[in-house]
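Residues per chain, in single letters:
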Amino acid sequence: MRYLVLSDIHANIDALDAVLSDAASEGYERVLVLGDLVGYGAEPNLVIERVRALEPAAVIRGNHDKVAAGLESAEGFNPTAQRAANWTRSALTEQNREYLRSLIAGPLVVDSLTLLCHGSPIDEDNYIFGEGDVVEALMASIRPLCLFGHTHMPMAASLSPDRTLDLIFHGPRDRQTIAIQTTWRYLVNPGSVGQPRDGDPRAAYAVWDTDAAAITIIRVEYPVVQASDRIIEAGLPQILGQRLSLGR
Ligand code: ZN
């Protein structure tokens, strides 16, 4: 199976469309979505409709989806994220809000090789940043490959059967393929489609080929200015548009 892996789209339709067109040339069969379809960006309804049309094999919720769906308050967010969350909640159609409300929490087992989570396999809202977080998550993973998002930072790490940790990479890479040995454990963040934070403004996604036992993280240019203009025109905080061109 060749899975297209999408995470942290954040209502950025320009980035999502660029990724989908690039991914079509890579080739994939089914889609996995790691949460945060909405929040920050200006097109939550379009993004949800586009994702639904892909008929994903699995979609789990992110923290922004929970707030936009009204399942959680925006209190834990910083003031900019709060404003965006409130804007998103009122911009969503009732049908799309209901869709977000229906999304399940990770961790979610997809097949014999793959586990999905938004933050970490321990808690959907945890951030995996440091080595300690990485080891904890690898130990908690119940499949050889755990795919996660939430940090908007592409990353890969592995744990060998003798418990040796290898931080394969962390941060921007042009294109990176990681071979998956099924007796090892791996943690891979495909990066963020709609709001990269690794200093590279290009959209990030991954293709996970279970037959070839390899996952490739791919970067793709998209019309950043257009996405940024939409944010400003929508009346969302300007910083949310400006940060897209910095990839921060
Ligand atoms: Zn996110």
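Preceding this section is the structure that the text describes.
Residues numbered from 1 in each chain as written. Predicted model: local features only at pLDDT ≥ 70, side-chain atom pairs only at ≥ 80, totals over all residues. Heavy atoms only, no water.

To continue, consider the sheet that holds strand β1 (residues 2-6). Within a beta sheet, neighbouring strands are joined by backbone hydrogen bonds and run either parallel or antiparallel to one another. Taken together, the 6 strands give an open sheet; going across it, the order is β3-β2-β1-β11-β12-β9, and neighbouring strands pair in mixed fashion. Where the open sheet ends on each side, the last strands, each with one partner, are β3 (58-59) and β9 (175-179). Bridge count for β1 against strand β2 (residues 30-33) is 4 bridges, and the pairing is parallel. Looking at the pairing, Tyr3 lines up with Arg30 of β2. (Pairing = 2+ DSSP bridges. Helix = DSSP H or I, 4+ residues; strand = E, 2+ residues; numbered from the N terminus.)

All right, on to the nonpolar core then. Soluble globular proteins tend to pack their nonpolar side chains together in the buried interior. Judged by nonpolar contacts, the single largest core of 45 residues is most densely connected at Leu6, Leu16, Leu37, Leu100 and Tyr205. Counting residues per element, this core draws most heavily on helix α1 (residues 13-26), at 7 residues. If we skip the residues at most four places from it in the chain, Leu100 touches Val38, Ile48, Asp65, Ala68, Ala69 and Leu92. Among the nonpolar cores identified, the runner-up in size contains 21 residues, and Leu32, Leu108, Leu145 and Ala156 belong to it. (Core = buried A, V, L, I, M, F, W, Y, C linked by side-chain atoms within 4.5 Å. Buried < 20%, exposed > 50% of the residue type's maximum accessible area, 1.4 Å probe, protein only. Contact = heavy atoms within 4.5 Å.)

What the rule picks out here adds up to 2 aromatic pairs. When the centroid spacing of 5.7 Å and the interplanar angle of 5° are considered together, the rings of Tyr127 and Phe129 count as stacked. We classify Tyr127 as partly exposed; its relative accessible area is 41%. Classification of Phe129 as partly exposed rests on a relative accessible area of 44%. A centroid spacing of 6.3 Å and a plane angle of 15° characterise the contact between Trp184 and Tyr186, whose relative ring orientation is stacked. Note on Trp184: relative accessible area 25%, which makes it partly exposed. Lying across the ring of Tyr40, Arg243 places its NZ or CZ 5.8 Å from the centre. (Phe/Tyr/Trp six-rings, centres within 6.5 Å; stacked < 30°, edge-to-face > 60°. Lys NZ or Arg CZ within 6 Å of the ring centre and 35° of its normal.)

All right, on to the pairing of strand β10 (residues 185-189) then. Look at any regular strand and the pattern is simple: side chains alternate between the two faces of the sheet. Within β10, 4 of the 5 residues are buried, which leaves it mostly tucked inside the rest of the structure. As paired strands, strand β6 (residues 145-147) and β10 are joined by 3 bridges and run parallel to one another. By the bridge assignment for β10, Cys146 is matched with Leu187. Here strand β7 (residues 155-159) pairs with β10 via 5 bridges, running antiparallel. If you follow Ser158 over to β10, its bridge partner there is Tyr186.

This paragraph deals with the packing of helix α7 (residues 224-233) against helix α8 (residues 238-246). For the pair α7 and α8, interaxial distance at closest approach is 8 Å and the crossing angle is 175°. By the angle class used here, α7 and α8 are roughly antiparallel. Contacts between α7 and α8 pair Val224, Ala227, Ser228, Ile231 and Ile232 from the former with Gln238, Leu240, Gly241, Gln242, Leu244 and Ser245 from the latter. Within the contact of α7 with α8, the residues separate by chemical class into 6 nonpolar, 5 polar and no charged. (Axes fitted to C-alpha atoms, helices over the stretch in contact; angles between N-to-C directions. Parallel < 35°, antiparallel > 145°, perpendicular 65-115°, else oblique. Nonpolar A, V, L, I, M, F, W, Y, C, P; charged D, E, K, R; others polar.)

Note that every value here comes from positions in space, so none of it alone points to a role or purpose.
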